[in-house]
Amino acid sequence: MMVKRWPKVGDSGRFWQLAFWSPADWVSNVRALLAPGLAVACVLNGLGVWGDRFFNWWWLIWALIGLTDKLDGSLAKKLGSSMRGPTNDEQSDKICVFAVFIACIVLGLAPWYWLVIMMWRDIVVTIIRGQMRKRGDKSINSAQWLGKAKTVGQFLTVVVAMLPPFEAQLTVVWWLALASVALSLASGWRYFQLAMTSGSKDE
């Protein structure tokens, strides 16, 4: 069976044409569409609407999101990634994380301005990474470990926030969220440095 060769990263045009979206792109889109449901489930979970905070719909939606994240990566390796694939995957992840952070703000577990800081950081980093990818700049990989550490911090923040209430929960969530913000800013600054260095080399 022949596998369709999707336009690769760096190809010109066709970014938003549906005919050139790969199966991995559609899985990423499903993950993004689950984000509003995740946010609502988080709020209802935190308010104790469903009773037991550990066994409820939040964990099921969270598991589905994790499966789609794994699935789109596997499909991209097997069937090929489209031009929009890497950006689509990253943005779908961010949408889901921000949905949960919004729920944490609604529940009073984190201050709103931390979310604003991380959102602006991600917008700037997405633009920088897009430009570096267009130039074929491989130095972008050297900043990824900070981004991964930031993602781990965000994941831990979400999990602790959604656990059954315990005495120091608010404090632990607060410090984990603060660490996520710090890592977000550190990785953003690293991407900016790499982009400036790369730009000066091109000149």
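Along each chain, residue indices are assigned from 1 in the same order as the chain's sequence is written. The model is predicted, so local features are restricted to residues of pLDDT at least 70 and side-chain atom pairs to those at 80 or more, both for listing and for counting; the totals for chains, interfaces and linings are taken over all residues. Hydrogens and waters are ignored; side-chain quantities use all the structure's heavy atoms.

### Points about the layout of surface pockets
Working step 1: Cavities and pockets are defined on a 1 Å grid built over the protein atoms alone: a cavity is a set of grid points where a 1.4 Å probe fits but cannot escape, while a pocket is an open set with protein on both sides within 12 Å along at least five of seven lines, and lining residues are those with an atom within 4 Å of any such point. Grid points are joined across faces, edges and corners, and a volume is the space filled by probe spheres set on the points. Quantified by volume, the largest pocket comes out at close to 1100 Å³.
Working step 2: What lines the largest pocket is a set of 37 residues, among which Asp69, Asp89, Glu90, Asp93 and Thr151 lie closest to the centre.
Working step 3: By definition, any uninterrupted DSSP run of H or I lasting at least four residues is a helix, any uninterrupted run of E lasting at least two residues is a strand, and each is numbered from the N terminus. Sorting the residues of the lining of the largest pocket by element identifies α1 (23-33), α3 (57-79), α4 (85-106), α5 (112-134) and α6 (144-162) as the ones contributing at least two each.
Working step 4: Considering every element that reaches the lining of the largest pocket, the biggest residue donor is α4, with 10 residues.
Working step 5: Asp, Glu, Lys and Arg are counted as charged, while Ala, Val, Leu, Ile, Met, Phe, Trp, Tyr, Cys and Pro are counted as nonpolar; the rest, among them Gly, fall into the polar class. For the lining of the largest pocket, the residue count by class is 13 nonpolar, 10 polar and 14 charged.

### As for the environment of Val100
Working step 1: Mapped onto the elements, Val100 comes out in helix α4.
Working step 2: Buried residues are those whose accessible area, probed at 1.4 Å on protein chains only, stays under 20% of the maximum for their type, while exposed residues exceed 50% and partly exposed ones sit between those limits. Overall, Val100 belongs to the buried group, its relative accessible area being 0%.
Working step 3: Not counting chain neighbours up to four residues away, the residues in contact with Val100 comprise Leu38, Cys42, Trp62 and Val158. Contacts are assigned to residue pairs that have any heavy atoms within 4.5 Å of one another.

### Topic: the confidence of the model for the chain
Working step 1: Scored by pLDDT, the chain comes out at a mean of 77, with 79% of its residues at no less than 70.
Working step 2: The predictor attaches a confidence to each residue, called pLDDT, with possible values from 0 through 100. Averaged over each element, pLDDT in the chain is lowest for α6 (80) and highest for α1 (89).

### Quick notes on a nonpolar patch on the surface
Working step 1: Taken together, Trp112, Tyr113, Val116, Ile117, Trp120, Ile123, Ile127 and Leu185 make up a surface patch of nonpolar side chains, about 830 Å² in accessible area.
Working step 2: Per element, the largest residue contribution to the nonpolar patch is 7 residues, and it comes from α5.
Working step 3: One can find Leu185 in helix α7 (residues 169-202). Nonpolar side chains (Val, Leu, Ile, Met, Phe, Trp, Tyr) are joined into patches within 5 Å and like charges within 9 Å, using only residues with over 30% relative accessible area and no salt bridge. What sets the accessible areas is the Shrake-Rupley method with a 1.4 Å probe; for residues, cover comes only from the shown protein chains. A side-chain nitrogen of Lys or Arg and a carboxyl oxygen of Asp or Glu constitute a salt bridge if their distance falls within 4 Å.

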